[in-house]
Amino acid sequence: MRLIETEGLTKVYQREGRWFPSANDAMPVVDRVSLHVDKGETLGLVGESGSGKSTLARLLLGLETATEGHLLFGGEDVTRWGFKRLRTIRSRMQMVFQNSYSSFDPLFTVERIVGEPLSSYGGMAALERRRVILESLDMVGLEAPYAKRYPHELSGGQLQRVNIARALVLQPELLICDEPFSSLDFKLRRQILTLLEELKVRFGLSYLYITHDLSSVSRFCDRVAVMYKGQIVETLPAARIAEEAIHPYTRSLLDAVPVQDPRLRRSRTGRPFGEPALSQGERVTQGCRFCSRCPAAMPVCFTVEPVLETKRPSHQAACHFYANEAEGKASQTFQIVKE
Ligand code: SF4
């Protein structure tokens, strides 16, 4: 059952500092994105920095207004809802921020930090409020004495647990986790990942897990959506991403995952994926947005924009090359490397 869904969601910003902006000054940061998260599902949203992942998260949370398209929550179109009405669904979606320390007021105790969302929504007696805060801390493995501590007295892992406790205090249905492990070492990442998995099973939570790190996706997510320059270029079951991803951009991200033998990172073209071919300031205005970096690019890629199509069950990709491959006309200059 669909919990949240977007249909052609678009966010366009205008370049600043222009007196008379033209159509070329419009920058679509999120461009015609259609995706969904089912109840109890974890969707991984993967892409490089600047690909539009965080803007998409802000659109889902109602913190940005969409330029075009639709946002549905629980089957209801909430795209044009006003601020007051949106508050009623915002408590059902919460965000886990990437840098816990900078998102906390250093003068607030843990109890006050975790209780902030309760203050925003009000209507709770002091005793009840304290009970809910302590329960939220308990859910993330922090005992009652931590409630009196300040952020500087906590380790990185404990801060991230407080971050999650704050997100849980309103009993949301969807947690949007934006690079939740970026400031943690490998051991702490595993601990927080395990905690999120336990919470999902216990409370039937859904997650939108935003990351540029593909190594954690196959373990934690049910499905993955790959985003490039504001568009979704591939979606498929996370467990099959290493073997079955076909889009050259997804393959380039997979190549960037650390492996024991560095030679395995390179494509058979002898050129690492993701090497920009455009000089600074140039941008692709038609065709595939990845064509300047793609070792499989064909003439059609520079003129015709590929659309996201179903290539096999539960697997969509936006790539002309795959269409050719399916017809038995695969390019000689590019082969998909299956490690
Ligand atoms: Fe590469 Fe063409 Fe596919 Fe774009 S459409 S990813 S340029 S092969």
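Cut-off values and rules
Residues numbered from 1 in each chain as written. Predicted model: local features only at pLDDT ≥ 70, side-chain atom pairs only at ≥ 80, totals over all residues. Heavy atoms only, no water. Helix = DSSP H or I, 4+ residues; strand = E, 2+ residues; numbered from the N terminus. Buried < 20%, exposed > 50% of the residue type's maximum accessible area, 1.4 Å probe, protein only. Polar contact = N/O pair within 3.5 Å; in protein donor to acceptor, adjacent residues only side chain to side chain. Contact = heavy atoms within 4.5 Å. Salt bridge = Lys/Arg side-chain N within 4 Å of Asp/Glu carboxyl O. pLDDT = per-residue confidence, 0-100. Phe/Tyr/Trp six-rings, centres within 6.5 Å; stacked < 30°, edge-to-face > 60°. Lys NZ or Arg CZ within 6 Å of the ring centre and 35° of its normal. Pairing = 2+ DSSP bridges. Axes fitted to C-alpha atoms, helices over the stretch in contact; angles between N-to-C directions.

S.K.: Is there a simple way to think about the side chain of E41 in this case?
M.R.: Locating E41 in the fold gives a position in the loop between strand 2 (26-38) and strand 3 (42-46). Given a relative accessible area of 10%, E41 falls into the buried group. Engagement of the side chain of E41 in a polar contact is seen with the side chain of R223, the distance being 2.7 Å. If sequence neighbours within four positions are ignored, E41 has contacts with H36, K200, L205, S206, Y207, D222 and R223.

S.K.: Which parts of the structure should I look at to understand the pattern of salt bridges?
M.R.: Note that side chains of opposite charge can pair when their charged atoms are close. One pass over the full model with this rule turns up 21 salt bridges. In this structure, the salt-bridge partner of K200 is D222, at a minimum N-O distance of 3.0 Å. A residue pair is termed long-range when its members are at least 10 positions apart, and K200 in helix 7 (residues 186-203) and D222 in the loop between helix 8 (217-220) and strand 9 (223-228) qualify at 22 residues. For K200, a relative accessible area of 16% translates into the label buried. Here E309 makes a salt bridge to K311, at a shortest N to O gap of 3.0 Å. Here the salt bridges share partners, and the residues they tie into one network are D31, R32, R289 and E305.

S.K.: Got a minute to help me understand the confidence of the model for the protein in this structure?
M.R.: Atom-level detail of predicted coordinates should not be read off regions where pLDDT is low. Residue-level pLDDT values for the protein average 84, and 83% of them are 70 or greater. A low-confidence stretch, residues 266-272 stays under pLDDT 50, and its non-local contacts, those more than four residues away or across chains, total twelve contacts. This model gives residues 328-339 a pLDDT under 50, and the stretch forms 26 contacts once residues within four places in sequence are excluded.

S.K.: Whenever I open this one, the packing of aromatic side chains confuses me. Can you help?
M.R.: Two numbers describe a pair of aromatic rings. These are the distance of the centres and the angle of the planes. This model, assessed by the stated rule, comprises five aromatic pairs. Both rings, one in Y207 and one in F220, keep their centres 5.4 Å apart while their planes meet at 40 degrees; by these two values the pair is tilted. Of this pair, Y207 sits in strand 8 (residues 206-211) while F220 sits in helix 8, and the two are 13 residues apart along the sequence. Comparing Y207 with F220 shows no difference in burial state: the two are buried. When the ring of Y209 is compared with that of F220, the centres are 5.1 Å apart and the planes differ by 90 degrees; the resulting orientation is edge-to-face. Of this pair, Y209 sits in strand 8 while F220 sits in helix 8; the two residues are eleven residues apart in sequence, bridging distant segments of the chain. Across this residue pair, the class does not change: Y209 and F220 are buried. Taken together, the ring pairs in this structure connect Y207, Y209 and F220 into an aromatic cluster. Its guanidinium or amino end placed over the ring of Y146, R149 lies 4.4 Å from that ring's centre, counting from NZ or CZ.

S.K.: It is not clear to me how the sheet that holds strand 3 should be interpreted in this structure. Could you clarify?
M.R.: Picture the strands of a sheet paired through backbone hydrogen bonds; they go either parallel or antiparallel. Strand order in the open sheet formed by eight strands is 6-7-8-3-9-10-12-11, and the pairing between neighbours is mixed. Strands with a single pairing partner mark the edges of an open sheet, and in this sheet they are strand 6 (93-96) and strand 11 (309-312). For this sheet, the mean angle separating the axes of adjacent strands, direction not counted, is 25 degrees. Relative to strand 9, strand 3 runs parallel, the two being bridged by four bridges. When the bridges of strand 9 are listed, L45 appears paired with A225. Packed onto the sheet, helix 1 (residues 53-60) meets strand 3, strand 6, strand 7 (174-178), strand 8 and strand 9 and runs at close to 155 degrees relative to strand 8. Against the sheet, helix 6 (residues 156-168) contacts strand 6 and strand 7, and its axis sits at roughly 170 degrees relative to strand 6.

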